[in-house]
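Residue-level structural notes
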Amino acid sequence: MNNKNNTTSPVGKSVERIDAREKAAGEAKFVFDMKLPGMLVGKMLRSPHPHAKIISIDTSKALKLDGVRAVITAEDTYKVKFGSNEYFFPYTVDQMPLESEKARYIGDEIAAVAAVDEETAEHALSLIDVKYEVLPAVFDPVSAMKPGAPQIHTAMNNIGVMLPMQFGDADKALKESDYIREDVFYLQSAAHCALEPHVSLGQYEVSTDKITLWTSTQAPFKVREALAKTLKMEAADIRVIKLNVGGGFGGKLEMFPMDFSACLLSKKSGGVPVKITCSRQEEFSFTRRKHPMIYKLKSGVKRDGTLMAVTGEVVADGGAYCSYGPTVIAAAILRIFMVYKITNFRIIGFRVYTNNPICGAIRGFGGVQSGFAVESHMDMLARGIGMDPVEFRLKNATDPNTETVNKLVISSNGLKDCIRRAAEACGWKNKFGAAKGDGDISRGIGIGIAADVMGSKMYKAHESAGSIIKVEEDGSVYLFTGAADTGQGSDTAMAQIAAQELGVAYERIRIKAADTEITPFDTGSFASRVTFISGNATKNAATDAKQQILGVVARELKLEIGVLDIRDEQVVKVSDGSALMSFDQAVGLCYSFNYGNLIIGRGSYNPKTTPVDFRTGYGNVSGSYGFEAQVAEVEVNKKTGVVKILKMYDVHDIGYPINPDSVHGQIEGSIVMGIGYTLYEDLKFAQGQVMNPSFSKYRIPRSVGIPAIESIFVETHDPQGPFGAKGMGEASLLPTAAAIANAIHDAVGVRITDLPITPQKILEALKGKESGIGHSANGIG
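Residues numbered from 1 in each chain as written. Predicted model: local features only at pLDDT ≥ 70, side-chain atom pairs only at ≥ 80, totals over all residues. Heavy atoms only, no water.

1. A few points about the sheet that holds strand E13 (residues 293–301)
Read from one edge to the other, the open sheet built from five strands follows the order E7-E15-E14-E13-E8, with strand pairing classed as mixed. Only two strands of the sheet have a single neighbouring strand rather than two, namely strand E7 (159–167) and strand E8 (179–187). The sheet shows a mean angle of 5° between the axes of neighbouring strands, direction not considered. Bridge analysis of E7 against strand E15 (residues 345–353) gives eight bridges, and the strand direction is antiparallel. Note on E15: the bridge partner recorded for Gln 166 is Arg 346. (Pairing = 2+ DSSP bridges. Helix = DSSP H or I, 4+ residues; strand = E, 2+ residues; numbered from the N terminus. Axes fitted to C-alpha atoms, helices over the stretch in contact; angles between N-to-C directions.)

This is the structure:
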């Protein structure tokens, strides 16, 4: 390579994304764009009832319709259940690809059809005659837990998951506290709002008895595992391919009945490909959503701000099936230990079945809900003892190189630096507690802090990822990784890591990702794991490839391999950096007559973690942890209740930024998502039916009106991260709601404890404040 514009030593540089030109040119291929010869249109038949016994299904009229190629029901399946937390919570495996006995929510999949076009497929659905016996339904998790409530599954009192977590002696610590307060927080449901809907394209190969599925997914290997189980096939006979993905945010992290149905319909149709696409209404109503929660906290502190004990209860509406519910409720309870030094703790969590649509993973895995509750509560504790919220957090924040009471092993930790730098950046000392404004306008400032995992050993016995690097005879470098880029830029980060470790220009790297037949295993894109775990696997593969090349050079030059390295496209001596030959010459030597060595580097990485024992709460769930502090400056109109966010500050311990621009982009995207959940987003239901299943009725932030965002890095150079890096895709979302709510309280003196924070709630709280009723919109003082 002789291009002077090549980028050597790319880690830490904001290089052009590896897929940027393809996307800018409109050449990027999504599953939605795919058209295969003879492709059929698939459609799902869904239950119109929230709870009903299935008496009979007659598909004869649909099968006779001209243009219909296949119809499937549960009778065409093995009736094998699937779930997303099977390894640690086998009893939560509760959903079938097509239900056979009863429907548990409006939208439950009952049958599927494949036809020559969409109109024929829709007509065929109308011809399927399903006889139901409508059953009593329950839509509120508190009511669902009461004796005598409609039984949705076999779980006692509809409690799908119960997690009691207790450490130390919370009752004793509360008695020793100088100040105790109790608060209740209400968190609403929300949708992922990925611009690309769910799309599945399945094709059965008659000659080989194999299946290929192209699907919009964050976790192709997890989808393959579930397909193999439910279709009773060998995993080796199923190929799952991820193309470009237009956003996932946790909503594309598991197999869906439409994935299964596209594959089985293709088989029933004689191997003709079948594509099923969710409409926007189906996307809002029938895929996955955020868990609504009731989060109760009772905590005690000393007058000096020492946090003595935290107790409480979390009740989550899980909807009709478990999905990732066990992980969400566990994370909603246990995240606090990453952030605060707590030795006395008792919280019990309930993930409850209802006849609402299914709740699952969404960016933050319960951390957004707990972040609002915990960080609002901490602010209230600080104010209760007359302590500055920043100083309160600095006193109680976790430190580096510590082990928490529940056995989290924290190595690098820049949380306190994040808090200090956030306070400094926003001018906290001059602004907090000094509400300013003109007339009806009042300004305030608030802070929230958070921490997040770099992967999570809550799904399988391992959290491994693998990479392969192939160096061709012409010096081109191919990276094969199972990691799934869903728009966050992980392919670019992997290419940067590979180039840095191999010592070559970033532009040499070609990448093939997330194809279960040709790329190594990877759990998927979730829990901010890709940079840390897949990045380490890629670095290890590059190290292996480099050592193979250097081994040949050392033999040729009669040197010890340890004295050589590859840097900036040159093989150099470590001692003085002098160049011995170019990378191209070294590769040519490897492939020469005398050696004939093919360079194929292999790498894998499984972080040093211990699975959480959910009976005790002990376990180190992640190989490292990321930290951050976030400050919101707001302006509140006391006459209208309208909140205007003036600026957001985010200071993030990212270890070391592989690609600074991508890191800034992730932070800004998370904050905007958090603003939406705080002020606008609210998935509405009536008797189990989603009432606002469109962007015209479901409010999200738009590019116009987004506040200024200042993101600042704290570089802690994590000892286990690739080049010191950490993952950070979710953490910036976790404290946003609390930071804004705390700022609103600072501005106008009212505490909103139920989301979203609407103008009406603020006006009601202000009215209550004037009449002396209380500060909180839900009546909690």
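So much for the structure itself; the text now carries on.
2. Brief notes about the pattern of salt bridges
Scanning the model with the defined rule gives 48 salt bridges in all. With a shortest N-O distance of 3.1 Å, Asp 171 and Arg 346 are connected by a salt bridge. Here Arg 346 lies in strand E15 and Asp 171 lies in helix H5 (residues 170–175), a separation of 175 residues in the sequence. One salt bridge connects Arg 443 with Glu 635, and the closest N-O pair in it is separated by 3.2 Å. Of this pair, Arg 443 sits in strand E18 (residues 441–453) while Glu 635 sits in strand E26 (residues 625–637), and the two are 192 residues apart along the sequence. Given a relative accessible area of 17%, Glu 635 falls into the buried group. (Salt bridge = Lys/Arg side-chain N within 4 Å of Asp/Glu carboxyl O. Buried < 20%, exposed > 50% of the residue type's maximum accessible area, 1.4 Å probe, protein only.)

3. Notes on the side chain of Asp 317
Mapped onto the elements of the fold, Asp 317 is located in strand E14 (residues 307–319). The exposure class assigned to Asp 317 is buried, which follows from its relative accessible area of 5%. Engagement of the side chain of Asp 317 in a polar contact is seen with the side chain of Arg 289, the distance being 3.5 Å. Among the polar contacts made by the side chain of Asp 317, one reaches the main-chain amide nitrogen of Gly 319 at a distance of 3.0 Å. Sequence-distant contacts of Asp 317, defined by excluding residues within four places in its chain, comprise Phe 139, Pro 141, Arg 289, His 291, Pro 292, Val 352, Thr 354, Asn 356 and Cys 359. (Polar contact = N/O pair within 3.5 Å; in protein donor to acceptor, adjacent residues only side chain to side chain. Contact = heavy atoms within 4.5 Å.)

4. Points about the nonpolar core
Tyr 295, Phe 345 and Val 634 are the most contacted members of the largest nonpolar core, which totals 131 residues. Two domains each put at least three residues into this core: domain 2 (34–135 + 194–248 + 252–286) and domain 3 (293–457 + 611–770). Among residues more than four places away in sequence, those in contact with Val 634 are Ser 442, Arg 443, Gly 444, Val 643, Lys 644, Ile 645, Leu 646, Ile 740, Ala 743, Ile 744 and Ala 747. Ranked by size, the runner-up nonpolar core spans 40 residues in total, among them Met 494, Ala 495, Val 504 and Val 530. (Core = buried A, V, L, I, M, F, W, Y, C linked by side-chain atoms within 4.5 Å. Domains from an automatic or database assignment.)

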